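Here is what each chain is made of, one letter per residue.
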Amino acid sequence: ASPASPVAYQSDPVQTIKTNVVGSVNLLGLAKRLDIPILQASTSEVYGDPKVSPQIESYWGNVNPIGIRSCYDEGKRAAETLFFDYKRQHGTKIGVARIFNTYGPYMSVGDGRVVSNFIVQALSGDPLTIYGDGSQTRSFCYVDDTVDGLFQLWKKQGSFSGPVNIGNPQEITILELAETIGKLTGVKVKLEHKELPENDPTKRKPDISLAERELEWQPRIALEEGL
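This one's a predicted model, so the numbers in the text were calculated from it and none came from an experiment. (Residues numbered from 1 in each chain as written. Predicted model: local features only at pLDDT ≥ 70, side-chain atom pairs only at ≥ 80, totals over all residues. Heavy atoms only, no water.)

Visitor: Sorry, what's going on with the overall build of the protein here?
Guide: Assigned secondary structure in the protein consists of seven helices and nine strands. Taking 17 Å as the expected radius of gyration for a compact globule of 227 residues, we find that the protein reaches 18 Å, a close match to that expectation. Projected onto its principal axes, the C-alpha positions of the protein cover 55 × 35 × 30 Å. Of all 227 residues assigned to the protein, the portion counted as buried reaches 47%. Counting contacts in the protein only where the partners sit at least 6 residues apart, residues at least 24 apart contribute 84% of the total. Averaging the coordinates of the 24 positive side-chain charges in the protein and doing the same for the 28 negative ones gives two points 5 Å apart. (Helix = DSSP H or I, 4+ residues; strand = E, 2+ residues; numbered from the N terminus. Rg over C-alpha atoms; globule rule 2.2 N^0.38 Å. Buried < 20%, exposed > 50% of the residue type's maximum accessible area, 1.4 Å probe, protein only. Contact = heavy atoms within 4.5 Å. Lys, Arg positive; Asp, Glu negative; His and termini not counted. Charge placed at Lys NZ, Arg CZ, Asp CG, Glu CD.)

Visitor: Please clarify how the sheet that holds strand β2 (residues 94-99) should be interpreted in this entry.
Guide: Reading across from one edge, β1-β2-β7 is the order of the three strands in this open sheet, with parallel pairing throughout. Looking at which strands have only one partner, the edges of the open sheet turn out to be β1 (38-43) and β7 (164-166). Along the sheet, successive strands turn relative to each other by an average axial angle of 35°, direction set aside. Against the sheet, helix α4 (residues 143-154) makes contact with β1, β2 and β7, and its axis sits at roughly 160° relative to β2, the strand it touches most. (Pairing = 2+ DSSP bridges. Axes fitted to C-alpha atoms, helices over the stretch in contact; angles between N-to-C directions.)

Visitor: Can you help me understand the layout of surface pockets in this one?
Guide: Where empty space is left can be seen by rolling a probe of water-molecule size over the atoms. Reported here for the second largest pocket is a volume of approximately 230 Å³. Along its surface, the second largest pocket is lined by V46, Y47, E57, Y59, W60, R77, E80, T81, F84, R98 and P163. (1 Å grid on protein atoms, 1.4 Å probe; cavity = no way out; pocket = protein on both sides within 12 Å on 5 of 7 lines; lining within 4 Å. Points joined across faces, edges and corners; volume = space filled by probe spheres on them.)

Visitor: How should the environment of L150 be read in this particular structure?
Guide: On the secondary structure map, L150 appears in helix α4. Through-space distance from the C-alpha of L150 to that of G132 is 32 Å; in sequence the pair is 18 residues apart. Setting aside anything within four residues of it in sequence, one finds L150 in contact with L39, A97 and I99.

Visitor: Explain the packing of aromatic side chains here, please?
Guide: The geometry of an aromatic ring pair is captured by two quantities: the separation of the ring centres and the angle between the planes. Evaluation of the coordinates by the stated rule reveals four aromatic pairs. The interplanar angle of 85° and the centroid separation of 6.5 Å between the aromatic rings of Y103 and F140 together place this pair among those described as edge-to-face. Of this pair, Y103 sits in strand β3 (residues 102-103) while F140 sits in the loop between β5 (137-139) and β6 (141-142), and the two are 37 residues apart along the sequence. For Y103, a relative accessible area of 3% puts it in the buried group. The exposure class of F140 is buried, given its relative accessible area of 3%. (Phe/Tyr/Trp six-rings, centres within 6.5 Å; stacked < 30°, edge-to-face > 60°.)

Visitor: Just checking my understanding: could you explain empty space enclosed by the protein for this structure?
Guide: Tallied over the entire structure, the rule returns two cavities of 30 Å³ or more. The computed volume of the second largest cavity comes to approximately 40 Å³. As for the second largest cavity, its lining consists of P37, I38, L39, K93, I94, G95, L153, W154, Q157 and G158. Looking at the lining of the second largest cavity, the elements with two or more residues in it are β1, β2 and α4. Class assignment for the residues of the lining of the second largest cavity results in six nonpolar, three polar and one charged. (Nonpolar A, V, L, I, M, F, W, Y, C, P; charged D, E, K, R; others polar.)

Visitor: What should I look at first to understand the pattern of salt bridges in this one?
Guide: Once their charged atoms are close, side chains differing in charge can pair, the charge on each being opposite to the other. For the structure shown, the criterion picks out 12 salt bridges. Where R98 meets E80, a salt bridge forms, and the shortest distance between an N and an O atom there is 2.7 Å. Residue R98 is located in strand β2, and its partner E80 is located in helix α2 (residues 70-90); the two are separated by 18 residues in the primary sequence. Classification of R98 as buried rests on a relative accessible area of 9%. (Salt bridge = Lys/Arg side-chain N within 4 Å of Asp/Glu carboxyl O.)

Visitor: I tried to follow the pairing of strand β4 (residues 128-131) on my own but got confused; where do I start?
Guide: Along a regular strand, successive side chains alternate from one face of the sheet to the other. Of the two faces of β4, the one holding L128 and I130 and the one holding T129 and Y131 are both buried throughout. Direction of pairing for β4 relative to strand β9 (residues 191-194): parallel, over a ladder of four bridges. Within β9, the residue paired with Y131 across the bridge is K194.

Visitor: Even after reading the chapter, I still don't get the nonpolar core, so can you show me in this structure?
Guide: Formed by 16 residues in total, the largest nonpolar core has its most connected members in Y103, V114, V115, F118, F140, L177 and L223. Where this core is concerned, the elements lending two or more residues are α3 (114-124), β4 and α5 (174-185). Once residues within four sequence positions are removed from consideration, L223 is found in contact with Y103, F140, Q170, I172 and L177. Counting residues in each nonpolar core, the second largest holds 13 residues, with A97, F160, I166 and I208 among its members. (Core = buried A, V, L, I, M, F, W, Y, C linked by side-chain atoms within 4.5 Å.)

Shown next, in the form of C-alpha cells:
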C-alpha cells in the first residue's frame, strides 16, 4: 500500500474484496478440515487514516467504509474477522500479521509502490511523483525483516494469534524518502506534485512492542542500508 499508487485500489475493487474475503473463507475451511495452522498476511491499512501514532494493535482504526481505498482496507478487516471467528468457533490455529510497507530486491518496476516508483523515476531522469505535499509519513520494512517476523509468528502455531504489527518503526515523510533516494542514486531529483488521493493516510508508524515481546522480533536493516 503506497501513497504513490492510488490506481492500485481502483483497478479491480470487486476482485480485491473476493481475494481477501472469499479466499479467506476457502482457506480457513481447508485449515479446519485438515487441522493445520493458517497465517493471514493482513496490513497496516486496517488502521485507515489513524488518529493515533504510533499505531498499536488495540487501536480499531479510522477507515472510511465506502471510500476509494475501502475495497482493500475493509477486505483485510473482514478477513481478520473471519480468522478470529474460526479460532473462536472451531479452534483453528491462526496467526494474523499486520504488515507495514515492505520493500526489497525484485520489486516490479511497474508495481506502483512508492519505493520502486521513486527509484525507477530517479534512474530514468524523470520527476518523482509526490501526491499531496509529501508530508505524509510511512515506515518501510526491508523484506528480509518482514519475512523473519512472519516466520516467527508462524512458529507459534496458534499459541499466539495476534494480530501483531510487522514493520519498521523508523518513520519518514515521503519528501524525505525522495531526498534519500536522490542521494543514493546520485541524481538531482525533481518533484512533480499531484493531488492527494481520497483517504490517503497521513501517518504510518507501527508500535512493535507486542512483536518484540511475543515473537522476540524487531527489524535489523535500516532504511538507507536496505535502499
